[in-house]
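Each chain, letter by letter, is given below.
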Amino acid sequence: MNKTAWKRLTKRTEFYIFLVLIALIVGIQIVSHGQLLEPTTLVTILRGMVVDGMFALICLIVMVSGGFDLSFPAISAFAYSAATTICVNQGWCKTNPLAGFLLAILFGAILGAFNGWIIANFKLNTMIVTLGTQTFFTGLTMGLFQMKEITSTLPASFRALGESYFVEVYNSQGQRSTLTTSIVFLIIMIAVTSFILRKTMFGRALYAIGGNEVSAERAGFNVKRTKFILYVVVGALAGFIGMVRVCLARQSIPKAMVGKEMQIIPAVILGGASIFGGEGSVFGTVCAIGLITVVSNSMLLVGIDSYWQNFFNGLVILIGITISAVQAKRQRR
Amino acid sequence: MKKKLLVTLLSAAMAVTLGACGSSGGSSGSSAGASSAAKGTSESASASVSATSAVEAAAEVKKAETGDTPTIAFVPKVMGQAWWDYVQKGVEEWSKDTGYDVIYKGPTEIDAAAQVQIMTDLVNQGVDILCFSPNDPDACEAICKQARDKGIIVISTEASGMENIDYDVEAFDEAGMGGFLMDQLAKSMGEEGQYITMVGSMTMESQNNWADAAVARQEEAYPKMELVADKRVADDSDAEKAYELTKQLLQKYPNLKGILGTGSFDAPGAARAIQELGLQGKVFAISVAMPSEVKDYLADGTLQSVGLWDPAISAKVMLNAGVDMFNGKKIEEGMDLQEKGYEAVKLNDKVIVGDGAIAITNDNVDDFGF
């Protein structure tokens with residue numbers, strides 16, 4: 001490797017997150033006497049990354065465009081609660097979960113369009129808008145439609161999807177665990193997001209808008225349309241991801257997503273996305289989500305009790321924001 | 001034009017949000033509109049008792065001042081959760097049987113501050129009887145004191161340690177449920193082996209007290225059982241987290257044989273992990289749980305039994321006790337509060353204790369209707 005490439009590499013936040021992740025895995029592996037890298041623990045961690053990882057990717061594309069979406073958990077909750085409720089009431093999805101997913105995507109897209117319409121047309125601060133719509137959407141779910149928890153009556157195909165797996169693995173004690181099929185969704189989404197951000201006009205437009213909206217407009221990007229499409233897509237994906245969680249958890253709990261944004265957004269920042277837009281990569285984001293999932297799944301193994309989980313989450317937020325602030329300072333120089 | 005549209009939209013958003021929170025109706029037009037909007041939806045959802053609007057409540061208060069009908073409020077830990085939906089049905093039933101209206105209103109998420117806010121609103125509206133199940137008993141003390149100073153009858157459940165209440169209703173004493181769960185688990189485990197306790201959250205008083213009592217029962221009656229070093233884990237009242245925790249626990253403690261949970265998500269989540277790990281018949285879990293959520297696990301033998309009481313009956317007992325007090329009757333040891341398991345209640349200072357713990361097994365899982 002030549003010197004300039006090395007220099008470029010060491011400047012990137014992703015690189016350090018990756019190093020920290022490796023160091024952490026090695027550290028926990030030693031402290032827990034080799035229990036972290038047991039196959040059963042690994043598949044559980046991968047499973048834990050599916051939903052959070054996909055959420056992080058939609059946060060990433062919003063942040064690349066210089067926006068902030070606080071409402072994605074609320075959109076997700078509305079979409080899966082409504083879709084599941086309809087499926088249960090109509091007796092749908094006994095053998096094929098497709099209808100449920102399509103409904104969730106549709107609901108998500110509608111709420112996303114609402115976000116996009118306000119943000120694109122009125123040119124308001126995205127954080128303020130989505131803070132408002134977050135409460136509004138939660139109001140729709142809990143108040144207007146009074147959506148209920150669905151557990152034992154969940155459509156059979158949702159359960160089947162959640163239970164389906166690729167491989168069985170066994171740990172040294174002979175305990176069996178499985179690698180969930182839904183890991184495919186995460187892999188596809190990583191690939192597609194990566195492709196869109198790097199290879200498509202839409203992706204370039206997002207970086208351009210995030211870098212400097214006025215210049216992007218002058219350079220010929222249709223800022224208004226790009227932003228609208230962005231929030232529709234993010235909404236639709238939020239709905240989809242919500243359904244994946246319903247299948248995995250085998251329950252639809254309208255309030256299960258509360259506070260999710262405060263867990264995901266700091267992780268995305270930690271992964272190298274700038275809160276000022278125009279920067280961020282899929283690799284960094286996935287590493288950061290890997291980091292928090294590894295930690296939350298190994299607290300017990302290393303003998304740290306539940307209280308400390310909050311401490312760690314707070315630490316991630318602090319580190320993430322500090323990194324962003326330092327970046328901003330550097331840029332101004 | 002754009003601005004007008006935005007303002008309209010934002011007001012609409014505000015109205016829905018207000019309706020959802022059931023915030024106290026002020027005199028301003030917009031919030032009154034929101035309240036009636038909430039009323040409209042609750043009626044269309046045929047849950048007339050639930051989410052009674054502030055306007056309606058105010059009207060009821062006036063009615064109460066003129067006649068002898070008490071205004072009654074019931075504040076659950078949270079709205080929209082299967083357990084509390086069931087309680088809501090019970091309260092509606094009681095309402096129909098007795099002819100007394102009940103305002104049933106709680107926070108939309110498990111949130112101590114939001115719950116206290118709702119209680120404060122109800123106290124300010126001047127209800128006569130306030131029944132509630134606190135998310136955080138300590139956080140409720142101040143508002144309960146205010147309520148009692150105003151002459152409001154305050155009755156809690158799952159909060160036997162509270163000070164500023166008239167009475168607390170428990171389906172069993174804490175030692176009762178903790179011991180009951182431990183006895184059931186010990187039976188499954190053959191009275192020997194390692195076990196751990198699980199709760200929904202480390203700050204939920206009743207769940208932690210039951211877990212303490214279960215451990216005490218083990219120390220007294222089952223000397224061959226052993227509590228592992230981590231002692232207690234919390235699953236944030238989420239079955240998915242309970243599932244992850246169980247897998248971690250079994251990784252860390254290969255000889256773990258029992259998981260004693262006291263939250264309603266513990267056993268369903270743990271059972272899913274036990275099933276996946278292929279440890280049926282080797283690892284046993286029990287907790288308090290809704291029958292419908294453990295039905296499959298009881299049927300295939302992953303779980304042997306779960307513990308429960310009928311929360312709707314507890315709610316009805318709270319309401320009965322409140323009305324009795326309102327009518328000037330004294331609550332006494334051995335009195336009949338007119339529900340199953342409460343024909344002759346125990347009275348420990350301020351705590352009304354019934355005999356309501358029940359074991360749900362594969363044989364009776366369908367008998368309860370929830």
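Residues numbered from 1 in each chain as written. Chains lettered and ligands numbered in written order. Predicted model: local features only at pLDDT ≥ 70, side-chain atom pairs only at ≥ 80, totals over all residues.

1. Observations concerning the overall build of chain B
In terms of helices and strands, chain B carries twelve helices and 13 strands. When the 370 residues of chain B are sorted by exposure, 54% land in the buried category. Put simply, of all contacts in chain B between residues at least 6 apart along the chain, 66% involve residues at least 24 apart. (Helix = DSSP H or I, 4+ residues; strand = E, 2+ residues; numbered from the N terminus. Buried ≥ 20, exposed ≤ 12 C-beta atoms within 10 Å, placed from the backbone. Contact = placed C-beta atoms within 7 Å.)

2. Here's the deal with the overall build of chain A
Within chain A one finds 14 helices and two strands. Since a compact globule built from 333 residues should have a radius of gyration of about 20 Å, the 20 Å found for chain A is in line with a globular shape. For chain A, the spread of C-alpha atoms along the three principal axes comes to 55 × 50 × 35 Å. Split into buried and exposed, the 333 residues of chain A put 51% on the buried side. Looking at chain A alone, contacts between residues at least 24 apart form 79% of all its contacts between residues at least 6 apart. (Rg over C-alpha atoms; globule rule 2.2 N^0.38 Å.)

3. Focus on the sheet that holds strand S3 (residues 129–132) of chain B
Residue and element names in this part refer to chain B. A sheet is described by the order of its strands in space; here seven strands give the open sequence S2-S1-S3-S4-S5-S12-S11, paired in mixed fashion. Each end of this open sheet is capped by a strand with a single partner; those strands are strand S2 (102–104) and strand S11 (346–348). Taking each pair of neighbouring strands and ignoring which way they run, the sheet shows an average axis angle of 20°. (Pairing = 2+ DSSP bridges. Axes fitted to C-alpha atoms, helices over the stretch in contact; angles between N-to-C directions.)

4. Comments concerning the environment of Leu106(A)
Structurally, Leu106(A) is set in helix H5 (residues 98–122). Of the residues examined, Leu106(A) has 15 C-beta atoms within 10 Å and is grouped as partly exposed.

5. Some points on the interface of chain A and chain B
Between chain A and chain B, the contact holds 39 residues from the first and 39 residues from the second. Counting residues per element, the side of chain A that touches chain B draws most heavily on helix H6 (residues 126–144) of chain A, which supplies eight residues.

6. What to know about the confidence of the model for chain B
Residues and elements named next belong to chain B. Confidence in the prediction for chain B averages 83 pLDDT; 81% of positions are at 70 or higher. Here helix H2 (residues 29–44) stands out as the least confident element of chain B, with mean pLDDT 34; strand S9 (residues 284–286) is the most confident, with 97. Low pLDDT, under 50, characterises residues 17–55; the predicted model gives this stretch 66 contacts beyond four residues in sequence or across chains. (pLDDT = per-residue confidence, 0-100.)

7. Overview of the nonpolar core
Core analysis: the largest hydrophobic core is formed by 198 residues, its most contacted members being Ile58(A), Cys59(A), Val268(A) and Leu130(B). The greatest single-element share of this core, amounting to 16 residues, is contributed by helix H11 (residues 223–249) of chain A. Two domains each provide a minimum of three residues to this core, namely domain 2 (48–172 + 311–354) and domain 3 (174–308) of chain B. Discounting residues that sit within four places of it in the chain, Cys59(A) has contacts with Asp69(A), Phe72(A), Ile264(A), Ile265(A) and Val268(A). (Core = buried A, V, L, I, M, F, W, Y, C linked by C-beta atoms within 7 Å. Domains from an automatic or database assignment.)

8. Section: unusual backbone geometry
All names here are of chain B. At Asp236, a residue that is not glycine, the phi angle is positive and equals roughly 55°. For Asp236, the position within the fold is in the loop between strand S7 (225–234) and helix H9 (239–252). A positive phi is found at Ser237, a non-glycine position, where the angle reads about 50°. Structurally, the position occupied by Ser237 is in the loop between S7 and H9. Residue classification places Ser237 among the buried positions, given that 22 C-beta atoms sit within 10 Å.

9. Focus: the sheet that holds strand S8 (residues 256–261) of chain B
Residue and element names in this part refer to chain B. Read across the sheet, four strands follow the order S7-S6-S8-S9 without closing on themselves; strand pairing throughout is parallel. This sheet does not close on itself; its edge strands, each paired only once, are S7 and S9. The sheet shows a mean angle of 20° between the axes of neighbouring strands, taken without regard to direction. As defined by bridge partners, strand S6 (residues 193–199) adjoins S7 across six bridges and the pair is classed as parallel. Paired with Met198 across the bridge in S7 is Val233. Along the sheet, H9 contacts S6, S7 and S8; its crossing angle with S8, the most-contacted strand, is approximately 150°. Contacts from helix H10 (residues 266–277) reach S6, S8 and S9, with the element oriented near 165° to S9.

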